[in-house]
Amino acid sequence: MEKRYLFTPGPTPVPPEVLAAGAEPMVHHRGADFRLVYESALARLQQVFRTASPVLLFSASGTGAMDSAVANMTAPGDRVAVVVAGAFGERWAKICQHYGLDVQRIDYEWGEVPDPDEVGSAVAGSGARIVFCTQSETSTGVVADVQALKAAVGDAALVVDAVSSLGAVPLETDAWGIDVVLSGSQKALMCPPGLAMASVAERLWDTLPASRSFYFDWRATKKAQEVFDAAFTPAVSLIRGLDVALGMLLDDGLEAGFERHIRLGRAARAGVKAMGLELFSPDNDTAAVVTAVRTPDGIDATALLRHLRDHHGVTLAPGQGALKPDVFRIGHIGWFDIFDIAAALSAVELSLTELGASIERGVAVTRAFEAYEQHVTV
Ligand code: PMP
């Protein structure tokens, strides 16, 4: 008998109410039963995205929403700019290349924070009309200032990958003038994987070329959603769960959620530093989504993660790309509380000790609670 713990930055733990909603008997997607759920989920999405524009909902993982943005906003050969500061910026570059675009990369070292002024001048210099960026770069723990990025790119459309940030850190789609925001169900939205979303500002619709994707056609999706009759068979059970999860987020209040994420980030950082470990992600409140940590000398991160899972039932996330041997990540996006952070820290402390690392024992959880107890204003 073994208890399993999931402390990854996606998929994230799913509240029982959401799982139960997904397990309800099947209904037909063109009947009145489902229409009510669909209407409610779509309206709640607008509240969470903080936009009056439609939020398109697709049966796909987050990458599907990214793919849809490129397929619906560009024609072959268009010049676009891509901010690359980690694995998900790289994904933007790959998708844009796949669609035959003239890609101007604005590159940062993994772990660096994109500088809005630099991005603004690079975009102006390139003549790109669309800029693809990442709000929370889950591979590094860096959260970019997308409000400043939008101000810096001026009239160019800003497309924000908010897959691991929507619902965890502030994102004022309309107030900040963000053109397109994309997300996925399996992170701060507290659902199983399988739903992708795209909010598209009203002003963009007249400027869009013909969709290069049949399934992810934004116009067809918008038209179908306007009458709550999905273009294709929607993921009925996932949407039921999403509706419940969004209701929970909104009942709690988005600001309360942002505050909780900041405090969980503080707790995770205080705990790992108390053990004597070095952070890879930034040591400040922007790192509210995922805490990336360097393993101590002589400890391979892959071996640590295997030990955590095989001996203690605890799943943390590996570093991505070149960071894989040296970095592990503790997620705290979505349905997490301080006891999850305490459990993750205890498991890391125990496993590192069992693997022979020399770390400070018996202090991490106390430091984490002390950090968590300080309230913050968002
Ligand atoms: N962007 C970011 C920032 C992500 O964290 C992820 C998932 N880890 C994705 C995109 C891709 O989403 P998916 O795996 O759901 O396709």
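Anything mentioned here points back to the structure above.
Residues numbered from 1 in each chain as written. Predicted model: local features only at pLDDT ≥ 70, side-chain atom pairs only at ≥ 80, totals over all residues. Heavy atoms only, no water.

> An account of the nonpolar core is requested, with residue identities and associated values reported.
Within soluble globular proteins, side chains that are nonpolar generally end up buried alongside one another. Counting 51 residues, the largest nonpolar core has Leu45, Leu57, Met197 and Leu242 as its most contacted members. Of the residues forming this core, the biggest block, eight residues, is contributed by helix H2 (residues 32–49). Among residues more than four places away in sequence, those in contact with Leu45 are Val55, Leu57, Met197, Leu242 and Leu246. Core analysis: the second largest hydrophobic core is formed by 34 residues, Leu56, Ile95, Cys96 and Phe216 among them. (Core = buried A, V, L, I, M, F, W, Y, C linked by side-chain atoms within 4.5 Å. Buried < 20%, exposed > 50% of the residue type's maximum accessible area, 1.4 Å probe, protein only. Helix = DSSP H or I, 4+ residues; strand = E, 2+ residues; numbered from the N terminus. Contact = heavy atoms within 4.5 Å.)

> I'd like a rundown of the site of the ligand, residues and numbers included.
Around the ligand, 14 residues are found, and the nearest of them are Ser61, Thr63, Thr138, Asp161 and Lys187. Measuring from an oxygen atom of the ligand, one finds a side-chain N or O atom of Gln186 at 2.7 Å. Bound to the protein, the ligand loses 87% of the 390 Å² it would expose on its own. Among the secondary structure elements, those contributing two or more residues to the shell around the ligand are helix H3 (62–73) and helix H4 (87–98). (Near = heavy atom within 4 Å. Polar contact = N/O pair within 3.5 Å; in protein donor to acceptor, adjacent residues only side chain to side chain. Areas by Shrake-Rupley, 256 points an atom, 1.4 Å probe, with all protein chains shown as cover.)

> With reference to specific residues and values, describe the pattern of salt bridges.
Counting across every chain of the model gives 21 salt bridges. Between Arg269 and Asp283 there is a salt bridge; the shortest N-O distance is 3.4 Å. Taken together, the residues Arg269 in helix H9 (residues 254–274) and Asp283 in the loop between strand S11 (278–279) and strand S12 (290–294) connect sequence positions 14 residues apart. Judged by its relative accessible area of 4%, Arg269 is buried. A salt bridge links Arg294 to Glu278; its shortest N-O distance comes to 3.5 Å. Here Glu278 lies in strand S11 and Arg294 lies in strand S12, a separation of 16 residues in the sequence. Taking relative accessible area as the criterion, Glu278 reaches 51% and is therefore assigned exposed. (Salt bridge = Lys/Arg side-chain N within 4 Å of Asp/Glu carboxyl O.)

> Which residues make up the sheet that holds strand S15 (residues 327–331), and what are the values?
Within the open sheet, the four strands sit side by side as S11-S12-S15-S14. Their pairing is antiparallel. Looking at strand neighbours, the two that pair on one side only are S11 and strand S14 (317–318), the edges of this open sheet. In this sheet, S12 lies alongside S11 in antiparallel orientation, the contact comprising two bridges. Note that in S12 the partner of Leu279 across the bridge is Val293. Against the sheet, H9 touches S11, S12 and S15, its axis set at about 15 degrees to S12. (Pairing = 2+ DSSP bridges. Axes fitted to C-alpha atoms, helices over the stretch in contact; angles between N-to-C directions.)

> If you had to explain helix H8 (residues 236–252) to someone new, which residues and values would you point to?
With 17 residues, H8 ought to run about 24 Å at 1.5 Å a step, and its terminal C-alpha atoms sit 25 Å apart, in line with that. Among the residues of H8, Val236, Ile239, Arg240, Gly241, Leu242, Asp243, Ala245, Leu246, Gly247 and Leu249 are the ones counted as buried. Residues of H8 that are buried make contact with helix H1 (16–22), H2, strand S2 (55–59), strand S10 (195–200) and H9. (Expected span 1.5 Å × (residues − 1).)

> Mind laying out the layout of surface pockets, listing which residues take part and the relevant values?
In this structure, the largest pocket occupies an estimated 350 Å³ of space. For the largest pocket, the lining is made up of 19 residues, of which Val143, Val169, Pro170, Asp285 and Thr286 are closest to its centre. (1 Å grid on protein atoms, 1.4 Å probe; cavity = no way out; pocket = protein on both sides within 12 Å on 5 of 7 lines; lining within 4 Å. Points joined across faces, edges and corners; volume = space filled by probe spheres on them.)

> Go over empty space enclosed by the protein with me, naming the residues and quoting the values.
Scanning the model with the defined rule gives four cavities of 30 Å³ or more in all. Approximately 160 Å³ is the volume attributed to the largest cavity. Along the walls of the largest cavity sit 14 residues, with Leu57, Phe58, Ser59, Ala230 and Phe232 positioned nearest its centre. Elements with a minimum of two residues in the lining of the largest cavity: S2 and helix H7 (218–226).

> With reference to specific residues and values, describe the sheet that holds strand S4 (residues 102–107).
Pairing in this open sheet of seven strands is mixed, and the strands run S2-S10-S9-S8-S5-S3-S4 from one edge to the other. The open sheet has two edge strands, S2 and S4, and neither has a second partner. Mean inter-strand twist for the sheet, computed between neighbouring axes without regard to direction, equals 20 degrees. In the sheet, S2 pairs with S10 via five bridges, with the strands oriented antiparallel. If you follow Ser59 over to S10, its bridge partner there is Leu195. Most of the contacts of H4 go to strand S3 (residues 79–84), to which it runs at about 160 degrees, and overall it touches S3, S4, strand S5 (130–134), strand S8 (157–161) and strand S9 (180–184). Running over the sheet, helix H5 (residues 116–126) touches S3, S4 and S5 and is turned about 160 degrees from S4.

> Provide a residue-level description of unusual backbone geometry, including the pertinent values.
Geometrically, the link from Gly10 to Pro11 is a cis peptide bond, its omega value of -5 degrees lying close to zero. Looking at where Pro11 falls in the secondary structure, it is placed in the loop between strand S1 (5–6) and H1. Although it is not a glycine, Met190 sits at a positive phi angle of roughly 60 degrees. Along the polypeptide, Met190 turns up in the loop between S9 and S10. Taking relative accessible area as the criterion, Met190 reaches 4% and is therefore assigned buried.

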